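So the chains spell out like this:
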Amino acid sequence: MQKLPREFYDRDTVTVAQELLGKYLVRKVGNLNRIGRIIEVEAYLGPHDLAAHSAKGRTKRTEVMFGPPGHAYVYLIYGMYHCMNVVTEQEGHASAVLLRALEPIENITSRTQGPGLLCQAMQIDRQLNGWDLLSEGFYVAAEELSSRGLTAGPSVFPQKILDPAVKPRDDNCAPRDDIVIIKRPRIGVDYAGAWAKKLLRFYLKDNAFVSRR
DNA sequence: CTCGGGATGCGT
DNA sequence: CGCATCCCGAGG
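What counts and what doesn't
- Residues numbered from 1 in each chain as written.
- Chains lettered and ligands numbered in written order.
- Predicted model: local features only at pLDDT ≥ 70, side-chain atom pairs only at ≥ 80, totals over all residues.
- Heavy atoms only, no water.
- Near = heavy atom within 4 Å.
- Polar contact = N/O pair within 3.5 Å; in protein donor to acceptor, adjacent residues only side chain to side chain.
- Nonpolar A, V, L, I, M, F, W, Y, C, P; charged D, E, K, R; others polar.
- Buried < 20%, exposed > 50% of the residue type's maximum accessible area, 1.4 Å probe, protein only.
- Helix = DSSP H or I, 4+ residues; strand = E, 2+ residues; numbered from the N terminus.
- Phe/Tyr/Trp six-rings, centres within 6.5 Å; stacked < 30°, edge-to-face > 60°.
- Lys NZ or Arg CZ within 6 Å of the ring centre and 35° of its normal.
- Core = buried A, V, L, I, M, F, W, Y, C linked by side-chain atoms within 4.5 Å.
- Pairing = 2+ DSSP bridges.
- Salt bridge = Lys/Arg side-chain N within 4 Å of Asp/Glu carboxyl O.

A. Here's a closer look at the protein's contact with DNA strand C. Lining the immediate surroundings of DNA strand C are Thr59, Arg61, Leu76, Tyr78, Gly79, Met80 and Arg126. Per the 4 Å cut-off to the protein, sugar and phosphate atoms form 70% of the nearby atoms of DNA strand C. Taking threonine 59, its side chain carries an N or O atom lying 2.7 Å from a phosphate oxygen of DNA strand C. Classifying every residue of the surface near DNA strand C gives 3 nonpolar, 2 polar and 2 charged.

This is how it looks when you write it as structure tokens:
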């Protein structure tokens, strides 16, 4: 299970968001690793982005967004659900990628199609706000390596991002062939004016676990 | 301190 | 479409 390096997160947020698709979120609960393949995300582009929490400035709540990349920003929404982001770009940029849906891979027993359900299924709450995703027990991995030693699923087949703007890289974070990414406006941010219309929601085409709405 | 509303999900 | 449920951030 190849953990994503700090440099992966320390890049342009849209690039990170798109390259997170197909990667694996790993969360150890008890002695079991819960693993889900990330198939839907949204990019939040910093204080300038009126849909981003960091647009309110540096507050107690948004503190983590203003911190270094590769950390989890987890917050409570509507008094009953949690949402999980990964912080991107250099410290101070206050950008992040919201994880919206997973495809269950291992040890997941409840629904994962939506940011609140995803956190429920992975047992993610505000205790994990600020968590460094380069430590053990909670991180994102580049490839599935089943703890039972099973062969890789379809997600490990050669894949490609069909966006000429996204260039392949030489390291293990390289985008893979055949991934087709759908781009849509972000959900639930109608208050953000022109920013609500930008195509910053990304998901894998035809994946059955994309959140509805 | 109060108050309005929220990066949601579920039932009607 | 209503609503649960509570924290956040703004304003007095």
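B. Inspection of helix H2 (residues 13-20) at higher detail. Here H2 lies mainly inside the structure; 6 of its 8 residues are buried. Those residues of H2 not exposed but buried are Thr13, Val16, Ala17, Gln18, Glu19 and Leu20. The N-cap residue of H2 is aspartate 12: its side-chain oxygen and the backbone nitrogen of valine 14 are 3.3 Å apart. At the C-terminal side of H2, glycine 22 shows a positive phi close to 95°.

C. Local environment of the packing of aromatic side chains. As enumerated under the stated definition, the model contains 3 aromatic pairs in all. Taking the centre distance of 5.4 Å and the plane angle of 80° together, the rings of phenylalanine 8 and tyrosine 9 count as edge-to-face. Residue phenylalanine 8 is classed as buried on the basis of its relative accessible area of 0%. Its guanidinium or amino end placed over the ring of phenylalanine 138, arginine 27 lies 5.7 Å from that ring's centre, counting from NZ or CZ. Over the ring of tyrosine 44 we find arginine 186, and its NZ or CZ is 4.7 Å from the ring centre.

D. A look at the nonpolar core. Counting 39 residues, the largest nonpolar core has Leu20, Leu25, Ile38, Met84, Leu99 and Ile124 as the members making the most contacts within it. Residues Val64, Phe66, Cys83 and Ala94 belong to the second largest nonpolar core, which totals 17 residues.

E. Just the environment of glycine 188, in detail. On the secondary structure map, glycine 188 appears in the loop between strand S7 (181-184) and strand S8 (201-204). What makes glycine 188 exposed here is its relative accessible area of 54%. A sequence separation of 109 residues divides glycine 188 from glycine 79, and the C-alpha atoms of the two residues are 16 Å apart.

F. Quick look at the pairing of strand S3 (residues 72-77). For S3 and strand S4 (residues 81-88), the ladder comprises 6 bridges, and the chain directions are antiparallel. Directly across from alanine 72, in S4, lies its bridge partner valine 86. Counting the residues that bridge the hairpin from S3 to S4 gives 3 residues, and of these tyrosine 78 lies at a positive phi of roughly 55°.

G. How the structure looks around the protein's contact with DNA strand B. Around DNA strand B, 24 residues are found, and the nearest of them are His53, Tyr75, Asn85, Gly116 and Tyr191. Here a phosphate oxygen of DNA strand B sits 2.6 Å away from a polar atom, N or O, in the side chain of histidine 53. Taken together, the residues of the surface near DNA strand B break down into 14 nonpolar, 6 polar and 4 charged.

H. Structural detail: the pattern of salt bridges. Inspection of the entire model under this criterion finds 10 salt bridges. Where lysine 3 meets glutamate 136, a salt bridge forms, and the shortest distance between an N and an O atom there is 2.6 Å. Placement of lysine 3 in the segment before helix H1 (6-9) and of glutamate 136 in the loop between helix H3 (115-122) and strand S6 (138-141) is noted, with a sequence separation of 133 residues between them. Because the salt bridges share partners, they merge into one network encompassing Glu40, Glu42, Arg100 and Arg201.

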